[in-house]
Amino acid sequence: MTNEQLWQAVLGELELTISKANFTTWFRDTFISGYIGNSDVIVGVPNVFTKSWLEKKYTKLIAKAFAHITLNKVRKVDFRIETKESAEKNVGKEAQQREEESARKKEAVEWKKTDVAGYREDHTHNHTLNEKYTFCRFVVGSGNELAHAASMAVAESPGVRYNPLFLYGGVGLGKTHLIQAIGNHIKAKTSRASILYVNFEKFTNDYVRAVKHGTFQEFREFYRSVDVLLVDDVQFMLNKEKTQDEFFHTFEALHQRNSQIVITSDRPPKMLSELQDRLISRFEWGMIADVSIPDLETRLAILKSKCEGKNEIRLNDEILQYLAGQVKNNIRELEGALNKIIAWHNLHREELTLEITKRILSNVFANPSQGAINSRQVIKVVSEYYEINVNDLVGASRKRELVLPRQVIMYILREELGSSYPLIGNDLGGRDHTTAMHACKKIERKMHEDDRLRQQIESIKQRLYT
Ligand code: ADP
Ligand code: MG
């Protein structure tokens, strides 16, 4: 546990025993300035008032909370007037610089790597699959029955039945969910299968890098050695002749060795009109299934299933009916509307009625694209929350105070929007996808230990959806 985490834990304890007003008044801007020999604590405080007040009133409580959390007896609690920045100038800055330096080096090494293992590590294969997209969580109904059945068949016996499987349909209708469910299913069944999920943009980026660094051989070997290749959103292929060529050869190689290929697109192969004919014909070799807009009943079932995942709330049928009736074309927006009323409920703790629901959602339906949040909104809300300029957040600066907000943005983009790591990197001013991956994992880990952070993210989400 770092001192920061330790202090957050101590504050968490104190918060339970002190009135809220006192807590915020006296503990704001405090931190651990030193923790020596597991027994002597120095608390950094912002001014002399706080110092004397804490000394008088809270020394014992702080010692107790410390002992409780660390299981070490506390001998001495001292207070020192300083700011976090000045304290960190000496210790923290160094550590931070070291961390940044090593991250930079790692990134550099990753792209210098000329062996296939380098690519492998970069993709860390299965890690790009999002565990929340499973068949269990996919509601089958009108509009997606065929796509679902075909996906299941492929997941059960990859490379055998339908190869390639081509899924297409409009935005927010479950393509990414299905293609990832295939990957997750195969991964759970055969842990040794090498499964690669890429957004087509990632394939393009890798290809461009291979050209730039002269690591073609490795690029090819890497992509052509997987057992299952899942390529999301191939419509990004349009207008990219060279990448199309490369993808064609990848496809051929994989198909020949019976590796399963699954492709998604926002339109059927025939409508990818500027695509090379040979690619279109390959796409039509196997099975083509569309996901289309689900009927009211299916939309209701999806809402109910999403509510089950959020057990803090019970919505009556009237409200669900209303929602399902209003948002027809996009499941992501349907989820967005649901999240919005849940956030409202969590904030106000009032019973939700149909009237209130209508009011909350009125601006969403007046302007449907507001139902679902987008990455720009996420960045804006987080920047406002932490009071940091958007340009700084997406810029190149490595200032310490930007680190956490950036990571929070990446985490929310991943969790709430289901964005791919390359896309997240892109949204944050063209950062590498490994940075995004690292950030998401880090926040996820931290949230388990750090109530504060969890609350911060909860409030950010509330602002996003209300
Ligand atoms: P697409 O890739 O087609 O744009 P996604 O797969 O990202 O759409 O789906 C958008 C959101 O809707 C995701 O959160 C997904 O889990 C959810 N979703 C879509 N269809 C279903 C379904 N049939 N059952 C449950 N959730 C669904
Ligand atoms: Mg998608």
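Calculation rules
- Residues numbered from 1 in each chain as written.
- Chains lettered and ligands numbered in written order.
- Predicted model: local features only at pLDDT ≥ 70, side-chain atom pairs only at ≥ 80, totals over all residues.
- Heavy atoms only, no water.
- Helix = DSSP H or I, 4+ residues; strand = E, 2+ residues; numbered from the N terminus.
- Buried < 20%, exposed > 50% of the residue type's maximum accessible area, 1.4 Å probe, protein only.
- Contact = heavy atoms within 4.5 Å.
- Areas by Shrake-Rupley, 256 points an atom, 1.4 Å probe, with all protein chains shown as cover.
- Pairing = 2+ DSSP bridges.
- Axes fitted to C-alpha atoms, helices over the stretch in contact; angles between N-to-C directions.
- Near = heavy atom within 4 Å.
- Polar contact = N/O pair within 3.5 Å; in protein donor to acceptor, adjacent residues only side chain to side chain.
- Nonpolar A, V, L, I, M, F, W, Y, C, P; charged D, E, K, R; others polar.
- Domains from an automatic or database assignment.
- Core = buried A, V, L, I, M, F, W, Y, C linked by side-chain atoms within 4.5 Å.
- pLDDT = per-residue confidence, 0-100.
- Patch = residues over 30% accessible without salt bridge, like charges linked within 9 Å, V, L, I, M, F, W, Y side chains within 5 Å.
- Salt bridge = Lys/Arg side-chain N within 4 Å of Asp/Glu carboxyl O.
- Lys, Arg positive; Asp, Glu negative; His and termini not counted.
- Charge placed at Lys NZ, Arg CZ, Asp CG, Glu CD.
- Phe/Tyr/Trp six-rings, centres within 6.5 Å; stacked < 30°, edge-to-face > 60°.
- Lys NZ or Arg CZ within 6 Å of the ring centre and 35° of its normal.

### A closer look at the overall build of the protein chain
Counting secondary structure elements, the protein chain contains 22 helices and eight strands. Residues counted as buried form 48% of the 466 residues belonging to the protein chain. Look at the contacts in the protein chain between residues 6 or more apart in sequence, and 74% of them connect residues 24 or more apart. When the accessible surface of the protein chain is summed, it comes to about 23400 Å², and 50% of that surface belongs to carbon and sulfur atoms.

### Side note on the sheet that holds strand β4 (residues 165-169)
Strand order in the open sheet formed by five strands is β5-β6-β7-β4-β8, and the pairing between neighbours is parallel. The sheet is open, and its two borders are formed by β5 (195-199) and β8 (287-291), each paired with just one other strand. Taking each pair of neighbouring strands and ignoring which way they run, the sheet shows an average axis angle of 15°. The strands touched by helix α8 (residues 175-189) within the sheet are β4, β5, β6 (228-232), β7 (260-265) and β8, with β6 carrying the most contacts at an inclination of about 165°.

### Overview of the environment of Arg192
Its place among the elements puts Arg192 in the loop between α8 and β5. Considered as a pair, Arg192 and Asp227 are 35 residues apart in the sequence and their alpha carbons are 9.6 Å apart.

### Regarding the site of ligand 1
Near ligand 1 lie 18 residues; those nearest to it are Gly172, Thr176, His177, Arg332 and Glu335. The contact in question runs from an oxygen atom of ligand 1 to an N or O atom on the side chain of Thr176, over 2.8 Å. A distance of 2.7 Å separates an oxygen atom of ligand 1 from a polar atom in the side chain of Arg332. In the complex, the protein chains occlude 94% of the 560 Å² of accessible area that ligand 1 would expose alone. Listed by contribution, the elements that provide at least two residues to the shell around ligand 1 are α8, α13 (296-309) and α15 (331-348). Tallied by class, the residues present in the shell around ligand 1 amount to seven nonpolar, six polar and five charged. Taken together, domain 2 (116-291) and domain 3 (296-366) each give at least three residues to the shell around ligand 1, which thus spans both.

### Re unusual backbone geometry
With an omega dihedral of 0°, the bond running from Asn163 to Pro164 counts as a cis peptide bond. If you check the backbone angles, Asp233 has positive phi at about 60° while not being a glycine. Mapping Asp233 onto the fold places it in the loop between β6 and α11 (241-256). Although it is not a glycine, Glu387 adopts a positive phi angle of roughly 55°. Its location among the elements puts Glu387 in the loop between α17 (375-385) and α18 (390-394). Among the residues examined, Glu387 registers a relative accessible area of 72% and is labelled exposed.

### Describing the sheet that holds strand β2 (residues 40-45)
Strand order in the open sheet formed by three strands is β1-β2-β3, and the pairing between neighbours is mixed. Looking at the sheet topology across the chains shown, the edges are occupied by β1 (31-36) and β3 (76-81). For this sheet the average axis-to-axis angle between neighbouring strands, irrespective of direction, equals 25°. Pairing between β1 and β2: five bridges, direction antiparallel. If you follow Ile32 over to β2, its bridge partner there is Val43. The strands that helix α3 (residues 48-57) touches are β2 and β3; relative to β3, the one it contacts most, it runs at about 165°.

### Side note on the nonpolar core
Val378, Val382, Val408, Ile409 and Ile412 are the most contacted members of the largest nonpolar core, which totals 31 residues. If you list the elements that add at least two residues to this core, you get α17, α19 (400-417), α20 (421-427), α21 (433-449) and α22 (451-465). At eight residues, α19 tops the list of elements feeding residues into this core. When neighbours within four sequence positions are excluded, Val378 is seen to be in contact with Ile373, Ile409, Ile412, Leu413, Leu417 and Leu464.

### Here's the deal with the pairing of β4
Most of β4 is tucked away, with four of its five residues classed as buried. As defined by bridge partners, β4 adjoins β8 across five bridges and the pair is classed as parallel. Within the sheet, the bridge partner assigned to Gly169 lies in β8 and is Val291.

### Re the confidence of the model for the protein chain
For the protein chain, per-residue confidence averages 86 on the pLDDT scale, and residues scoring 70 or more make up 88% of the total. Looking at the elements of the protein chain, mean pLDDT is at its lowest for helix α5 (residues 84-112), recorded as 59, and at its highest for β7, recorded as 97.

### Overview of a negative patch on the surface
Judged by side-chain charge, Asp29, Glu85, Asp392 and Glu401 come together as a negatively charged surface patch. For Asp29, the location among the structural elements is in the loop between α2 (20-27) and β1. For Asp29, a relative accessible area of 53% puts it in the exposed group.

### Side note on the packing of aromatic side chains
By convention here, two paired aromatic rings are described through the distance between centres and the angle between planes. Taken as a whole, this structure holds 19 aromatic pairs when the rule is applied. For the pair Phe219 and Tyr223, a centre-to-centre distance of 5.0 Å together with 50° between the ring planes defines the contact as tilted. In this pair, Phe219 and Tyr223 both sit in helix α10 (residues 216-223), four residues apart, roughly one turn of the helix. The burial state of Phe219 is the same as that of Tyr223; both residues are buried. The ring of Phe216 carries the charged tip of Arg220 above its face, separated from the ring centre by 4.6 Å.

### Focus: the environment of Asn3
Structurally, Asn3 is set in helix α1 (residues 3-17). Remark: the alpha-carbon pair of Asn3 and Ile32, spanning 29 residues in sequence, is separated by 6.2 Å. Discounting residues that sit within four places of it in the chain, Asn3 has contacts with Ile32 and Tyr35.

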